[in-house]
Amino acid sequence: QVHLIESGGGLVQAGSSLRLSCAASGRSISSRAMGWFRQAPGKEREFVAAIAWANLATYYPDSVKGRFTISKDDANNTLYLQMNSLKPEDTAVYYCAARQVEGLSRRAIDYDYWGQGTQVTVSS
């Protein structure tokens, strides 16, 4: 199994930046891709970004493309999400996820392991 722990969330002003981290432990060797999702109260979980572990291919929805960047640190088994130009609509709990099957996906059901989330709140 893989354990994922998110950190870096907080309360920020619109237009500012945050960098989220996801520390992975356990059977991270089996991960083929990782991603970030977010969920606001009363709304469905939304895909934010994904990265292939082997070749660093990335995938973003239009809502965050150009503002958010997903990356990884192999030495520390850590996934990052750099969030710039934050907007109030970015407010949500952000979750780190990992999948064991090759290929990037925006579907939550395709991911095998999940963290507990970190709250991001953007004020106007």
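All values derive from a computational prediction rather than experimental measurement.

(A) Fine view of the pairing of strand β8 (residues 78-83). With five of its six residues buried, β8 lies for the most part within the structure. The pairing of strand β3 (residues 18-26) with β8 spans six bridges and is classified as antiparallel. Within the sheet, the bridge partner assigned to Arg 19 lies in β8 and is Gln 82. Hairpin connection of strand β7 (residues 68-73) to β8: four residues between the antiparallel strands, including Asn 77 at a positive phi of 50°.

(B) Structural view of the pattern of salt bridges. According to the stated counting rule, one finds six salt bridges in the structure shown. Linking Lys 72 and Asp 74 is a salt bridge whose minimum nitrogen-to-oxygen distance equals 2.4 Å. Asp 74 sits in the partly exposed class, given a relative accessible area of 49%. The network of salt bridges with common partners includes Arg 38, Glu 46, Arg 67 and Asp 90.

(C) View of the side chain of Thr 118. By secondary structure assignment, the location of Thr 118 is in strand β11 (residues 118-123). In terms of polar contacts, Thr 118 uses its side chain to reach the backbone amide nitrogen of Gly 9, at 3.2 Å. Once residues lying within four places of it in the same chain are set aside, the contact partners of Thr 118 are Glu 6, Ser 7, Gly 8, Gly 9, Leu 20, Ala 92, Val 93 and Tyr 94.

Criteria and cut-off values
- By convention here, each chain's residues receive numbers from 1 onward along its written sequence.
- The model is predicted, so local features are restricted to residues of pLDDT at least 70 and side-chain atom pairs to those at 80 or more, both for listing and for counting; the totals for chains, interfaces and linings are taken over all residues.
- Remark: hydrogens and water are excluded; side-chain values derive from all non-hydrogen atoms of the structure.
- Relative accessible area decides the class of each residue, using a 1.4 Å probe on protein chains only: under 20% of the type maximum gives buried, over 50% gives exposed, and in between gives partly exposed.
- Labels follow the DSSP assignment, with helices taken as runs of H or I lasting at least four residues and strands as runs of E lasting at least two, numbered in each case from the N terminus.
- For two strands to pair, DSSP has to find at least two bridges joining them.
- A pair is scored as a salt bridge if a Lys or Arg side-chain nitrogen falls within 4 Å of a carboxyl oxygen belonging to Asp or Glu.
- Any pair of N or O atoms that falls within 3.5 Å is considered a polar contact. Within protein, one atom must be able to donate a hydrogen and the other to accept it, and sequence-neighbouring residues count only if both atoms are side-chain atoms.
- Whether two residues are in contact is decided by their heavy atoms: any pair within 4.5 Å suffices.

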